[in-house]
Amino acid sequence: MRSPLVALLLTFSTFSLQAQTGGASSTLPGYSAQNSTTEQQWEEKFRAMPQPGNLKNYMQRLSARPHNVGSPYDKDNAEWILAQFKSWGLDAHIEEFDVLFPTPKERLVELVAPTHYLAKLQEPAVTVDPTSNQQKEQLPTYNAYSADGDVTGPLVYVNFGMREDYEKLDRLGISVKGAIVIARYGGGWRGIKPKVAAEHGAIGCIIYSDPKDDGYGGGDVFPKGPFRPADGVQRGSVEDTQYPGDPLTPGVGATKDAKRLAIKDSPVIQKIPVLPISYADAKPLLEAIAGPDAPEEWRGGLPLPYHVGPGPAKVHLKMYSNWDIKPVYDVIAKIPGAQFPDEWVIRGNHHDAWVNGAEDPLSGQVAMMEEARSMGELLKQGWKPKRTIIFCAWDGEEPGLLGSTEWVETHDKELAEHAVMYVNSDGNGRGFFHASGSHSLERFVNDVSKTVQDPETKLTAWQRAHLQRIARAKTSEDRQEARHRGDSRIGALGDGSDYAPFLDHIGVAALNIGYGGETDGGIYHSIYDDFYWYTHFGDPTFEYGRALSQTGGTLLMRMADADVLPFEFTDASDTVAKYVTELKKILKDKQDEITEKNTEIDEGVFTATADPTKPYVPPTKETVPPFLNFAPLDNAVVNFKNSADRYEKALKALQKAGIPADDAKLADVNKMLIESERAYTNPKGLPERPWFKHMIYAPGAYTGYGVKTIPAVHEPMDAKNWKAAEDGVPMAAQAIEAEATLVGHAADAMEKIAGEK
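Residues numbered from 1 in each chain as written. Predicted model: local features only at pLDDT ≥ 70, side-chain atom pairs only at ≥ 80, totals over all residues. Heavy atoms only, no water.

Observations regarding the pattern of salt bridges
Per the stated rule, a full pass over the model turns up 51 salt bridges. Among the salt bridges present, the one from Asp214 reaches Arg228, with a minimum N-O distance of 2.9 Å. Of this pair, Asp214 sits in helix H8 (residues 211-214) while Arg228 is found in the loop between H8 and strand E7 (236-237), placing the two residues 14 residues apart along the sequence. Residue Arg228 is classed as buried on the basis of its relative accessible area of 0%. Put simply, Glu715 and Arg689 hold a salt bridge, and the shortest N to O gap is 3.7 Å. Remark: Arg689 occurs in the loop between helix H23 (667-675) and strand E15 (697-699) and Glu715 occurs in helix H24 (residues 711-718); sequence separation between them is 26 residues. Taking the relative accessible area as the measure of exposure, Glu715 reaches 13% and is therefore buried. (Salt bridge = Lys/Arg side-chain N within 4 Å of Asp/Glu carboxyl O. Helix = DSSP H or I, 4+ residues; strand = E, 2+ residues; numbered from the N terminus. Buried < 20%, exposed > 50% of the residue type's maximum accessible area, 1.4 Å probe, protein only.)

Following this line, the structure appears as structure tokens:
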């Protein structure tokens, strides 16, 4: 039976691709009429080239053996990717960095009271899955950058282990000081769980995968279905959020002669030992916990009553690592630009994995490789991009963006001078096109997604994603915006993949793209993320891998060949204004919430409504947040909108007058457009995390992957540090004003060129 959404989509399937894209003869933004026609012809040739069979063959080869950082097959894969790039006619090489990558030496999770249970800490091989039995090569189940330690203490269940969960524990009168906490995956990035636990006095942290979240709560488990089996474990890094990359070389490339911190001095290594376990291993531990019932929303999918503790459950946790320096191998391939070789359009995806890594990351890596092969074929046919295109197969992403961050830090001055755009993908599946990134690229990525056909519905990728947004809108206001807004909104980027050093540290406009939403599963970071799983439950025909190749390659070609770089700022100014409005709402909501809570404390509401038979500690009164002066941000937003509107009018006037054939006249405009994302950065960085220099986007210090927009204000508001939040307002406003000024100068230059026509 078809879902209502699929039925809705199929009603549009009679629309031709040409009708949805506005006709093949329309002039591309930023292109002269002549160059637009030529570009569209080359793009059509390119999109016909990626072959699903090639993607399948690449994946089968790359995922044949475990290839974590430092493993023999990791290096072998890098050398094989290098050979492929060279065979396709690209100028390619490997750049090597030396990074701290700990691997397990001793691991133990043991229930010592009131009964005894020794956790298996092992994922079993599955008969039908031929690579799951490569146990001698598989990394054990662990969390990289855990502290070393041997601890024993009472066990406390903390739900997802986020800051708000500890506030609920406070209401229950429960402290985790001197305890070991057990948290389920989800609710936030895994590295936040031991960080917050340590801040509350815990001595150890266990993280488990609850079946409600990615196990049998979702459907059949592997190998019958795609979801996490009882003994499946999610590996992963718990590197803290101060900065990504090598923990010992913050801000500089981890070359052989780099000056390194002592391991004990690295601020990103966790302070307490932490280990991940399966839900089969978690069940005896959770069953042994007594104490108050867990709040209803804390209860997972295991067949047991969820209690918080502490007691009588007592656990012995041991984790020791080999703290070794390991090599990472970044494979870099270039197609030189024929006219502007010093302007770089960069594409990336990582090749390392926790184990075999078919879905994460190779489903994205093979799509990028097929883009490179297809462009190699175009080169043979006479195509020459105006700007240099660089393909990057990163190593070491899984432990903490090691390969990309060290490459960016090593080449920071060159990238600040030459990088136009970075396009990232990290895994791919069946379903809907999604994009997040710099909002100056929002219209650009919308336009490109209208040229790619969705394999299942034969709509364009844009049309299908657009209809999904309408179907999933939560309010009528959101639904109307999704239906009528010309460009579909893209998300903002935080952390979690290799775009972070480009966007957050250098200020390179970035996009993260992929397809998904119909590929369900729970094999993330386990031994079951392999070729067998992917060809049964991921994208078995590799048609969506082909669509990702078509999308990524078209983005690269269109940016590389444009006469005027296709940046656009009305969407960006609208989005920044939205972020400022959100800050005001956060403050107002917090003021109202605390005012109401204080009133209820005075009225005795909490004491009167608490169950006298259960432990309960009423909240204490808080100071109501002060009013903040958002005027600098309001003024900056107005100036940015005015500049963006002027730029759009100037570009339309130039397009109407005819973009000049003389590229030299456009050089200054394009230089300003390249610099437009840099304008948002502050050389001093965020006050608490100076590595992150972007004033509009940053990963949250307590959300990890999740983005905090206008972070110099948003982060301290979340921490209720109102003085720091007010101090952050002028920092953010200055960045927006700088962007407005630069866009205004670009509009001036564009108006002058149009006036000369």
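Back to the text.
Points about helix H12 (residues 402-410)
Of all 9 residues in H12, 8 are buried; the element is thus mostly enclosed. Listing the buried residues of H12 in full gives Leu402, Gly403, Ser404, Thr405, Glu406, Trp407, Val408 and Glu409. Tucked inside the fold, the buried residues of H12 contact strand E1 (91-113), strand E9 (314-335), strand E11 (387-394), helix H11 (397-400), helix H13 (412-418) and helix H17 (500-506). (Contact = heavy atoms within 4.5 Å.)

A look at the packing of helix H22 (residues 631-657) against helix H25 (residues 722-755)
Closest axis-to-axis distance for the H22/H25 pair is 8 Å, and the angle between their directions is 20 degrees. Relative to H25, the element H22 is oriented roughly parallel. The handedness of the crossing between H22 and H25 is left-handed. For the contact of H22 with H25, the residue count by class is 23 nonpolar, 4 polar and 5 charged. (Axes fitted to C-alpha atoms, helices over the stretch in contact; angles between N-to-C directions. Parallel < 35°, antiparallel > 145°, perpendicular 65-115°, else oblique. Left-handed = near helix turned anticlockwise from the far one by under 90°. Nonpolar A, V, L, I, M, F, W, Y, C, P; charged D, E, K, R; others polar.)

Observations concerning helix H3 (residues 33-47)
Think of an α-helix as 3.6 residues a turn; residues three or four steps apart then line up on the same face. Here H3 is 15 residues long and its end C-alpha atoms lie 21 Å apart, about the 21 Å a rise of 1.5 Å per residue gives. Looking at the buried residues of H3, the elements they touch are helix H10 (358-380) and helix H19 (543-561). (Expected span 1.5 Å × (residues − 1).)

As for the environment of Glu297
Looking at where Glu297 falls in the secondary structure, it is placed in the loop between helix H9 (279-288) and E9. In this structure the C-alpha to C-alpha distance between Glu297 and Asn159, which are 138 residues apart in sequence, comes to 8.7 Å. Discounting residues that sit within four places of it in the chain, Glu297 has contacts with Asn159, Lys168 and Arg184.

Overview of the nonpolar core
Ranked by internal contacts, the top residues of the largest apolar core, which has 204 residues, are Phe85, Ile182 and Phe391. For this core, the element with the highest residue contribution is H25, accounting for 14 residues. Counting 10 residues, the second-largest nonpolar core is a separate cluster that includes Tyr243, Phe692, Met695 and Ala712. (Core = buried A, V, L, I, M, F, W, Y, C linked by side-chain atoms within 4.5 Å.)

Brief notes about the packing of aromatic side chains
Tallied over the full model, the rule gives 25 aromatic pairs. A ring pair is formed by Phe101 and Trp354, whose centres lie 6.4 Å apart and whose planes are at 35 degrees; its orientation type is tilted. Taken as a pair, Phe101 in strand E1 and Trp354 in the loop between strand E10 (340-350) and H10 lie far apart in primary sequence, 253 residues in all. Trp354 matches Phe101 in its accessibility class, with the two residues each being buried. Between Tyr216 and Tyr279, the aromatic rings sit 5.6 Å apart at their centres with planes inclined by 90 degrees, giving edge-to-face as the arrangement. Highlighted residues: Tyr216 in the loop between H8 and E7 and Tyr279 in helix H9, separated in sequence by 63 residues. Residue Tyr279 is classed as buried on the basis of its relative accessible area of 4%. Taken together, Phe222, Tyr528, Tyr532, Trp533, Tyr534, Phe537 and Phe542 form an aromatic cluster joined through their ring pairs. Over the ring of Trp462 we find Lys450; its NZ or CZ atom is 4.6 Å from the centre of that ring. (Phe/Tyr/Trp six-rings, centres within 6.5 Å; stacked < 30°, edge-to-face > 60°. Lys NZ or Arg CZ within 6 Å of the ring centre and 35° of its normal.)

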